[in-house]
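Each chain, written out:
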Amino acid sequence: MTTLEQLSQAVAAGKSKDAKALTQRALDEGVKPGRLVDEALVPAMAAVGERFKNNEIFVPEMLVAARAMKEAMNLLEPRLLAAGITPKYTALIGTVQGDLHDIGKNLVAVMWRGANFRVVDLGTNVPPAKFVAAINEHRPQLIGLSALLTTTMPAMVETVRTIRASGCPAVKIMVGGAPISQQFAEEIGADGYASDAGSAVDRARELVGAI
Amino acid sequence: MSRPQSIHVQWPDGASTLALRAVHHDGATLADQLAEAGRPLNTRCGRHGRCAGCTVELVAGRFLGRDGTEHAAPAEIKACQGRLAPGADTTIAVPARSLATHRPQVVTTFKVGVPAATEPLVPVVPGESDHGLAIDIGTTTVVVSLVDLRSGNIVREEASFNRQIELGDDVVTRIQLAGVPDKLDVLRDAIVGRTLAPLIAGVCAGAAIAPERLAGATVAGNTTMLHLLTGTDPTPMGVAPFCAAFLEHRQLTAANIGLSTPPPAMPVHLLPGISAYVGADLVAGCVCTGLNHCAEPSLLVDIGTNGEILLMHRGRLLATATAAGPAFEGGRLARGTRAVAGAVAHVRFDGEFPPALDLIPGANGIVGLCGSAYVDFLAQGRRISLLEPTGRISPSAWQTLPAVHRHHRDITRGVRLNAQNDATLVTEADVAHLLQAKAAIAAGIVTLLRRAGLAPADIRTLYLAGGFGLHLDVAHAIESGLLPGFRPEQIDVVGNTALGGAWLALIDRTVLPEMIAASTAAEVVELNLEPGFEDTFIDHLALP
Ligand code: B12
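Given the structure is predicted, the values throughout are model-derived calculations rather than measurements.

Regarding the coordination of the cobalt atom of the ligand
Inference 1: For the cobalt atom of the ligand, the protein contributes exactly one donor atom, His101(A) (NE2), at 2.3 Å.
Inference 2: By secondary structure assignment, the location of His101(A) is in the loop between strand E1 (89-95) and helix H5 (103-114).

Written out as structure tokens, the structure is:
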């Protein structure tokens, strides 16, 4: 098995230490960071997403895989940046104002990175105006809003409204989080909804026209 | 007025025909209609359609979903999500676990770790005004104890579900509801008029004590419950930075609260809390167990939908709240239920499969599995390698089970603990939910300890409070990683110490100042702001 294949397997199995070591080894072997992403990490996260959709794995295993992916990305990101490699699509993501939950949002962010999006993570408790400012700054094609509390669903409504009213560049808005539903997403005028990080990838690619 | 709608209902204890109020325009659902007809269902998510609490079987007829969908029999429907289409011969079957009428498993027992004198908080006139009430308002259950203030003894106790449950299951759902015009009053009436009033009348009647003899009351409860009791708007506690309108000790009167049974001027003391999510119930427990005086590092842990944790170390009291979600109360699990009659409380694998099941008595047959049984399953399922560390059911171990115990849907597996009974099914999806709840509690404990530079082995005593703790097999809680890295000797199961603290504060007036001191000295640790929390949470998703 090549180092890249081993890396892909380590990420999918959630073996963080191995993922880190194998990423380093591949780099030492002279594999270009861009190729490492395309041939090891993207397929690994695609496989994880696919297995999740098929109920072959559940949230706990997915979180562990995402952490392994993050270990690898931490080593690669500075090198990708230095090499001037930027993915075709950019996405912004953040947890809406009043809410500090971010584990689910972080998972979606990793899966999007794994699908070769550049992801700018605005963190938690993000006021609507900060989303607008970030859209103007980063010019994303996609924006993801997360809310985990029923009490912060109104903040999500407000954020969508503010973005739409702001006159900032057109952007597709995706929403998610445990209390959010497809119906709610439609009511508040979001463009898309996904119930989990696996389908969040498919929906994101659809929305930006990547498939 | 249109004619009422007549339907046939198969209850767990027999069939009946029910006339439901006709609804067309006001948006009332089948769950509303059944509640009006005196048979409320378990609408614990607040009628949002998020839980399976009010699921009934449509045996004949059609069901019109609120979202425009239509379901024809046979179908499983969520009664809060639509109404029955008019028509003759409409029949539904209501399983026992969907009824809200189960009696709660009441926790009135508690262990007191400190000596107390009988020198009541309120003035006593023997023969005239010489009894008091110690009250614990839980999100799920409410307990009222009648105390003879001359002796300090509890003479009568009554408990019931908090009637706010019909309006919303967890605290955040109720906080949100309170923001809807008029609903704050509805919530207040549910606790004051419909829960406390009958309980207080009940204890007085049961002990043959005239209500005029009530001299005072102490109330413990989480911060949201005390806000709703006093009609205070809790909505700021629903969003960051989670600000409570009040946390301090307050002395009110029966009239202020709206209680009409006791004398209007009877003092009512609300015990002090620490933060929006670490309430007076924990402060009461802290003093009741003597945690605030522990010289060696000790913990108080109360596990519910939220897990509250207090750590006493070198004279410092650290407090945090973690969120488990409803899994340990059976929420969102295929066959999950609260600890009600007919629930499997314990599962014992004495070496082999199938395990022996212990039921909570009082029902015919098995209604489902409650939290303590799932914890048993996690620990022992892992021990016999039926469960893998990831929480998946081992394909090879599963293959060796007799076919009647095996369940599968698509490619996910399940195990029927009792071959004859589908109410004992545990699925891999259930395990995934349980692991998240377990990880949130475990990571909360470990993160708080880490803040103080401690490990589980350094803890002298972990006081395990609350109803869930009382039913839990401590060894299995440790083995499953819910109480990670502890030894059984470290765990002291102390029961309802919120009630215990309320009782102590009532009979010994030196106790309240201690509670006030503890609540103001406590330092709140916000787990979101702890850098290692997410990693620790993910680490604890696995089974040891
Ligand atoms: C872990 C956790 C916490 C951690 C949060 C740590 C962190 N950094 O995020 C801690 C302990 C700090 C916490 C605190 C609180 N929590 Co909390 N928490 C949870 C818990 C147990 C798990 C959430 C989680 O991370 N799941 C794992 C991830 C992977 O799943 P997920 O978040 O659902 O995300 C998936 C999807 O929803 C979707 N998704 C999510 N975001 C997005 C965004 C987009 C764009 C898309 C497309 C998809 C998507 O994809 C994700 C991956 O599949 C849940 C209960 C539960 N089992 O859900 C409660 C829960 C969410 N918390 C709750 C509460 C009330 C709180 C508190 C307010 C009170 C408390 N102390 O308990 C506090 C305050 C929170 C705050 N400060 O904002 C309640 C909310 C109840 C309600 N009715 O709204 C829950 C449901 C538990 C409960 N019933 O009591 N919590």
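Details of the pairing of strand E22 (residues 412-416) of chain B
All names here are of chain B.
Inference 1: Summarising burial for E22: 5 of the 5 residues are buried, a large majority.
Inference 2: What you see with E22 is no split at all: Thr 412, Gly 414 and Arg 416 on one side and Arg 413 and Val 415 on the other are buried throughout.
Inference 3: Alignment of strand E21 (residues 406-409) against E22, held across 4 bridges, turns out to be antiparallel. Within the sheet, the bridge partner assigned to Arg 409 lies in E22 and is Thr 412.
Inference 4: Hairpin connection, E21 to E22: the antiparallel pair is bridged by 2 residues, and Asp 410 has positive phi, about 50°.

Section: unusual backbone geometry
What you tend to see is this: most non-glycine residues have negative phi, and most peptide bonds are trans.
Inference 1: A cis amide bond, omega -5°, links Ala73(B) with the succeeding residue Pro74(B).
Inference 2: Along the chain, Pro74(B) falls in the loop between strand E5 (70-72) and strand E6 (75-78).
Inference 3: At the junction of Ala240(B) and Pro241(B), the peptide bond is cis and its omega measures out at 5° in the coordinates.
Inference 4: By the secondary structure assignment, Pro241(B) is in the loop between helix H4 (223-229) and strand E13 (250-253).
Inference 5: Phi is positive for Asn55(A), which is not a glycine, with a value near 65°.
Inference 6: Tracing the backbone shows Asn55(A) in the loop between helix H3 (33-53) and helix H4 (59-82).

Things to note about the sheet that holds strand E11 (residues 153-161) of chain B
Residue and element names in this part refer to chain B.
Inference 1: Taken in spatial order, the 6 strands of this open sheet run E11-E10-E9-E12-E14-E13, and their pairing is mixed. A strand with exactly one partner marks an edge of an open sheet, and here the two such strands are E11 and E13. Ignoring strand direction, the axes of neighbouring strands in this sheet form an average angle of 20°.
Inference 2: Judged from the 8 bridges that link them, strand E10 (residues 141-148) and E11 form a sheet pairing that is antiparallel. Each bridged residue has a counterpart across the sheet, and for Val 143 the counterpart in E11 is Ala 159.

What about the site of the ligand?
Inference 1: Near the ligand, the surroundings consist of 43 residues, among which Leu100(A), His101(A), Asp102(A), Ser146(A) and Asn306(B) are the closest.
Inference 2: Taken together, the residues near the ligand originate from chains A and B.
Inference 3: Between the ligand and the protein, one listed contact pairs an oxygen atom with a backbone N or O atom of Asp102(A) at 2.7 Å.
Inference 4: For the ligand, a nitrogen atom lies 3.2 Å from a polar atom in the side chain of Gln436(B).
Inference 5: Ranked by the residues each element gives to the shell around the ligand, the list is headed by H5(A), at 4 residues.
Inference 6: Across the shell around the ligand, the residue classes tally to 23 nonpolar, 15 polar and 5 charged.

Basis of the calculations
Residues numbered from 1 in each chain as written. Chains lettered and ligands numbered in written order. Predicted model: local features only at pLDDT ≥ 70, side-chain atom pairs only at ≥ 80, totals over all residues. Heavy atoms only, no water. Donors = N, O, S within 2.8 Å, 3.2 Å for Na, K, Ca; no water. Helix = DSSP H or I, 4+ residues; strand = E, 2+ residues; numbered from the N terminus. Buried < 20%, exposed > 50% of the residue type's maximum accessible area, 1.4 Å probe, protein only. Pairing = 2+ DSSP bridges. Axes fitted to C-alpha atoms, helices over the stretch in contact; angles between N-to-C directions. Near = heavy atom within 4 Å. Polar contact = N/O pair within 3.5 Å; in protein donor to acceptor, adjacent residues only side chain to side chain. Nonpolar A, V, L, I, M, F, W, Y, C, P; charged D, E, K, R; others polar.

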